[in-house]
Amino acid sequence: MKSLAIFCGASMGNNPAHRQIAVQTAELVAERGMTLVYGGGNVGLMGVIADAAMAKGGKVIGVIPNFLHRKEVAHQGLTQIHYVETMHERKALMADLSDGFLALPGGFGTLDEFCEILTWSQLGLHKKPIGILNAHGYFDSLLAFFDQSMVDGFLAARLRQLVLEGSTPEEIIDLLSQRERAESE
C-alpha cells in the first residue's frame, strides 16, 4: 500500500487517548513509507496526523475545499495540498489519491467520508480496503449498528466484511495492507 486516506475529526475531542492514537497511526504510516492523504486541515486530529507524519519524514497530501481554506484552517506545511471547490470534489480526489481508507475518531464529517467511500465499494466503484481503528471502543456503537443491519437483513454478510476492524494502529494497517495485496492479485 503506497497511500492511505485517513478520515478523522477537525476537533480534538474530550479524550486525550484519541490524540495519542492519531499520532501513533500517522507515525506508523510514515515509518512504513506510505503517503498520508487527508482533509488538509491544521485543526483537531486532522492537524495532529499531518504534523505527526511529517515529523517522521512522511509525505502528506491534503485536500481541502476553498471555503475552508478561506477560514484559514488549511495546513500550510504539507508535502502537497490540493484546493477544490466542493466537499464532493474533496472526497473524490482523496479516493483517487489513496490505495486504502481508515477512519479514526471524529464526528459527522468523518462518518460522511467513511460511509461514502464504503458505499462506493458496495456499488463496485472501487476495491480498495476500508478500515476502522476502534481504539478505546470509540466505534463500538457504529460497528454494532452494522451488525444489526446485517441481522435485520439490510446488509449482506459479504458487505459487512468490507469494514476491517482493528484496535491498534499496527493491527488495522496490517489488515488494510493484506486486503490491498489480496485485491491486487
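Below: a short report on this structure. For clarity, every value in this text was computed on a predicted model and none was experimentally measured.

This paragraph deals with the overall build of the protein chain. If you tally the helices and strands in the protein chain, you get eight helices and seven strands. Its C-alpha radius of gyration of 15 Å places the protein chain within 12% of the 16 Å reference for a compact globule of 185 residues. Taken over the C-alpha atoms alone, the protein chain extends approximately 45 × 35 × 30 Å along its principal axes. Relative to its full complement of 185 residues, the protein chain shows a buried share of 49%. Counting only contacts in the protein chain whose residues sit at least 6 apart along the sequence, the fraction spanning at least 24 positions is 66%. In the form shown here, the protein chain has an accessible surface area of approximately 9000 Å², with 52% of it arising from carbon and sulfur atoms.

What follows concerns the layout of surface pockets. Over the atoms rolls a probe the size of a water molecule, and its path tells where empty space is left. Each pocket or cavity is described by its volume, and for the largest pocket that value is around 260 Å³. Lining the largest pocket we find 15 residues, and of these C8, A10, M46, L68 and R90 sit closest to its centre. Elements supplying a minimum of two residues to the lining of the largest pocket: α4 (87-97) and α5 (108-122). For the lining of the largest pocket, the per-class residue count stands at eight nonpolar, five polar and two charged.

Quick notes on the rules
Within each chain, residue numbers correspond to sequence positions counted from 1 in written order. Reporting in this predicted model follows two pLDDT cut-offs: at least 70 for local features of residues, and 80 or more for side-chain atom pairs to be given and counted; totals over whole chains, interfaces and linings ignore these cut-offs and use all residues. Hydrogens are left out, water is left out, and the side-chain values use all remaining heavy atoms of the structure. Working definition: helices are DSSP H or I runs of at least four residues, strands are E runs of at least two. Numbering for both runs from the N terminus. Put simply, the radius of gyration uses C-alpha atoms, and a globule should come to 2.2 Å times the residue count raised to 0.38. For every residue, the accessible area (1.4 Å probe, protein chains only) is compared with the maximum for its type, and the residue is labelled buried under 20%, exposed over 50%, or partly exposed between those bounds. Contacts: residue pairs with any heavy atoms within 4.5 Å of one another. Accessibility throughout is a Shrake-Rupley quantity obtained with a 1.4 Å probe, and a residue counts as covered only by protein chains that appear here. Every definition here rests on a 1 Å grid over the protein atoms only: cavities are sets of points where a 1.4 Å probe fits but cannot get out, pockets are open sets enclosed by protein on both sides within 12 Å along at least five of seven lines, and lining residues have some atom within 4 Å of a point. Grid points are joined across faces, edges and corners, and a volume is the space filled by probe spheres set on the points. Nonpolar residues are Ala, Val, Leu, Ile, Met, Phe, Trp, Tyr, Cys and Pro. Charged residues are Asp, Glu, Lys and Arg, and all others, Gly as well, are polar.

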